[in-house]
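What follows is the residue order along each chain.
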Amino acid sequence: MFPVFFLRVSLFTLFFMPIVSMGADHFPHVEHHDPIIVDQQLSLSALITLTLDNHPDTQWLNSLEAETTAIKHRGESWTAGASNAGFRYQEATSGTLHYFDGTIEVPLWNIGQRDANQRIGITAENSAITQTSLTHWRIAGLVRVAIWDIALQELRLQQAEIDMRAAQQLASDITRRVQAGDLAQTDALLIQTDVLKKRSALTLAEAEVMHARKRYTSLTQSTKIPANYREPLSEVKEIESSHPALQAIQNLIERKQAELEALTLVGSGQTNVTVGVNSDRPSNHDSRSNNTESFNVGVTIPFGGQAHLDPQLAALNVEINQLRAQRDQLFRDLEQNHHEAEHNLEINQAELAVANELNTVAQKHLTLTQLSFSVGEIDLIDLLKIQSQTQLAALAAKERALVQERDYALYNQAVGVLP
């Protein structure tokens, strides 16, 4: 009896010491931690606004505002371009005659051209506003995805911790039964393998949480996250013309059309009015000079320049038609995304009910299996299989519930509704 007992104790020590040392306070951890602070005062809408303020795109959005100001300032000008001042001095070779000429040349707006340029300023302002709205919507989508990615990864980490604790509890039970001689030493190897697998899964789950947090902080430039980021499902049922993406490209088309109209009114060029003063003064009162001061007005009217303007008009027409094609394709893409978001909601709702039912059945099955194992009716390997299936069913049910709420946010994103 003594050698058999000694052999059992030795094998137990060899196989189970690593397991016993891994208590609940000794879960594996990755070395780096990316902290996230839950802020009860921070709303999802405020977070998106802060993310937009810190986003690199704000640089060119600010430049759009400066461009709009410049275009509107030009449209308010009373002249069609910069005025010119000219001065000329002429002296006879004898040195007895001196001529002085001074002129001011002012380019005038063609009929309707100033109004057309003012419309460019208005459409440029509208386009800048909707480009900001488009960027706001796009960043909202990124923030939504980043937040729900953290939620999903943390859910998986929580389940991995639950699975680890279950494995450790089972390992403790196996320990007692091996000591009592109720189980074979091969069960020691089997449970050790299971615990190590759970430990590895926990480490990987924790690493995924850190990765998700890093993606979030990189995007938002903040370590704070709203306590409540869940959204009610929008009542919008289709892609509307007020969608930020459609509004942005439509206003860009309208700006280009205003530019085309203004360019058409340029015609052959600008009419210029010239006002001048001439002075003719002799030296030593030369009698050949009239000794006069004169005032003159001139008008320069361009013509025959349409051939030079046509290439610019054609280029603008190409841009407008390209934008129209992009708008039509964008509408199709948005409709497809809307359909997929709507379809995902329907599928997840049905799958959630199935997942919950499967989880209930799996939990009952596990309870019966644990009872059977305790009285020696089934082997440990069968128990571990049923336990693994039950844990997967529990995770699937939790994930489906979370995905359904996440899909509310993604549906709102698809139809262009912001928090």
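In this text the structure is predicted, and so the values were computed from the model without any measurement. (Residues numbered from 1 in each chain as written. Predicted model: local features only at pLDDT ≥ 70, side-chain atom pairs only at ≥ 80, totals over all residues. Heavy atoms only, no water.)

Novice: Is there a simple way to explain the overall build of the protein in this structure?
Specialist: Looking only at helices and strands, one finds eight helices and six strands in the protein. Residue burial in the protein is summarised as follows: out of 419 residues, 41% are buried. Taking the intrachain contacts of the protein between residues at least 6 apart in sequence as the baseline, contacts between residues at least 24 apart amount to 85%. (Helix = DSSP H or I, 4+ residues; strand = E, 2+ residues; numbered from the N terminus. Buried < 20%, exposed > 50% of the residue type's maximum accessible area, 1.4 Å probe, protein only. Contact = heavy atoms within 4.5 Å.)

Novice: How should I be thinking about helix α4 (residues 113-179) in this particular structure?
Specialist: An α-helix turns once every 3.6 residues. As a result, residues three or four positions apart point the same way. Over its 67 residues, α4 extends 98 Å from the first C-alpha to the last, a length consistent with the 99 Å expected when each residue adds 1.5 Å. Directly after α4, the chain includes G181, whose backbone phi takes a positive value near 85°. (Expected span 1.5 Å × (residues − 1).)

Novice: Sorry, what's going on with unusual backbone geometry here?
Specialist: In terms of backbone geometry, most residues other than glycine have negative phi values and most peptide bonds are trans. One non-glycine residue, Q221, lies in the positive phi region at around 60°. One can find Q221 in the loop between α5 (186-220) and β4 (224-226). Judged by relative accessible area, Q221 falls into the exposed class, the value being 53%.

Novice: Any chance you could explain the packing of aromatic side chains here in plain terms?
Specialist: Describing an aromatic ring pair means giving the distance of the ring centres and the angle of the ring planes. Following the criterion strictly, the structure yields one aromatic pair and no others. An angle of 85° between the planes, with centres 5.1 Å apart, marks the rings of W148 and Y229 as edge-to-face. Residue W148 is found in helix α4, and its partner Y229 is found in the loop between β4 and α6 (244-264); the two are separated by 81 residues along the sequence. If you follow R114 out to its NZ or CZ, it ends over the ring of W78, 4.1 Å from the centre. Against the face of F373 rests R177, its NZ or CZ located 4.7 Å from the ring centre. (Phe/Tyr/Trp six-rings, centres within 6.5 Å; stacked < 30°, edge-to-face > 60°. Lys NZ or Arg CZ within 6 Å of the ring centre and 35° of its normal.)

Novice: Looking at this model, I keep getting lost on the packing of α4 against α6. Mind explaining?
Specialist: Any two packed helices are characterised by how steeply their axes cross, that is the angle between the axes, and by the distance between the axes. Packing of α4 against α6 leaves a shortest axis separation of 8 Å and a crossing angle of 160°. One element, α4, and the other, α6, form an angle in the roughly antiparallel class. Helix-helix and strand crossings are classified by hand; for α4 and α6 the assignment is left-handed. (Axes fitted to C-alpha atoms, helices over the stretch in contact; angles between N-to-C directions. Parallel < 35°, antiparallel > 145°, perpendicular 65-115°, else oblique. Left-handed = near helix turned anticlockwise from the far one by under 90°.)

Novice: What is the right way to look at the environment of E351 in this model?
Specialist: Note that E351 resides in helix α7 (residues 306-374). Taking relative accessible area as the criterion, E351 reaches 34% and is therefore assigned partly exposed. Along the sequence, E351 and R400 sit 49 residues apart, while their C-alpha atoms lie 7.2 Å from each other.

Novice: Please clarify how the nonpolar core should be interpreted in this entry.
Specialist: In globular proteins that are soluble, nonpolar side chains generally tend to be buried together. Core analysis: the largest hydrophobic core is formed by 26 residues, its most contacted members being L47, V143, I147 and Y216. Top contributing element to this core by residue count: α4, with 11 residues. If we ignore the near neighbours within four places in the chain, the residues touching L47 are L42, V143, I147, Y216, T220, K224 and P226. (Core = buried A, V, L, I, M, F, W, Y, C linked by side-chain atoms within 4.5 Å.)

Novice: Mind showing me how you'd approach the side chain of T123 here?
Specialist: Here T123 shows up in helix α4. Residue class for T123 comes out buried when judged on its relative accessible area of 13%. At 3.0 Å, the side chain of T123 forms a polar contact with the backbone oxygen of I120. When neighbours within four sequence positions are excluded, T123 is seen to be in contact with N251, E254, R255 and A258. (Polar contact = N/O pair within 3.5 Å; in protein donor to acceptor, adjacent residues only side chain to side chain.)

Novice: I would appreciate a short explanation of the confidence of the model for the protein in the present structure.
Specialist: For any part of a model where pLDDT is low, the fine detail of the predicted coordinates should not be relied upon. Predicted confidence across the protein gives a mean pLDDT of 85, with 87% of residues reaching 70 or more. Predicted confidence is poor over residues 1-27, with pLDDT under 50, and the contacts of this stretch with residues over four places away or in other chains come to 35 contacts. (pLDDT = per-residue confidence, 0-100.)

Novice: Can you help me understand the pattern of salt bridges in this one?
Specialist: Where charged atoms of side chains with opposite charge meet at close range, the side chains can pair. For the structure on display, the rule yields 17 salt bridges. With its nearest N and O atoms 2.2 Å apart, the salt bridge here joins R138 to D57. Of the two residues, R138 is situated in helix α4 and D57 in the loop between α2 (44-53) and α3 (58-75); the sequence distance between them amounts to 81 residues. In the salt-bridge network here, residues are joined through shared partners; they are E67, R255, K256, E259 and E319. (Salt bridge = Lys/Arg side-chain N within 4 Å of Asp/Glu carboxyl O.)

Novice: Is there a simple way to explain a nonpolar patch on the surface in this structure?
Specialist: Judged by side-chain polarity, I104, V275, V277, F295 and V297 come together as a nonpolar surface patch covering roughly 450 Å² of accessible area. Mapped onto the elements, F295 comes out in strand β6 (residues 292-300). (Patch = residues over 30% accessible without salt bridge, like charges linked within 9 Å, V, L, I, M, F, W, Y side chains within 5 Å. Areas by Shrake-Rupley, 256 points an atom, 1.4 Å probe, with all protein chains shown as cover.)

Novice: So what exactly am I meant to see when it comes to the environment of Q306 here?
Specialist: Examined against the element boundaries, Q306 turns out to sit in helix α7. Taking C-alpha positions, Q306 is 6.2 Å from G267, a pair spaced 39 residues apart along the chain. Those residues in contact with Q306 that lie beyond four places of it in its chain are G267, S268 and L313.

Novice: Help me out: how do you make sense of α2 in this one?
Specialist: Those residues of α2 that fall on the buried side of the exposure criterion are L44, L47, I48, T51 and L52. Across the axial projection of α2, the buried residues extend over an arc of 135°, all falling on one side. The elements touched by buried residues of α2 are α3, α4, α5 and β4. (Arc of directions from axis to C-beta.)

Novice: Which parts of the structure should I look at to understand the packing of α4 against α5?
Specialist: Put simply, α4 and α5 touch, their axes get as near as 8 Å, and they point 160° apart. As judged from the angle between their axes, α4 and α5 are roughly antiparallel. Along this stretch, α4 crosses α5, giving a crossing that reads as left-handed. Split into classes, the residues belonging to the contact of α4 with α5 amount to 21 nonpolar, two polar and 13 charged. (Nonpolar A, V, L, I, M, F, W, Y, C, P; charged D, E, K, R; others polar.)

Novice: Where do I start with the environment of I139 in this structure?
Specialist: Checked against the element boundaries, I139 lands in helix α4. Judged by relative accessible area, I139 falls into the buried class, the value being 0%. In this view, I139 contacts I48, T51, L52 and H55; residues no more than four positions away in its chain are not counted.

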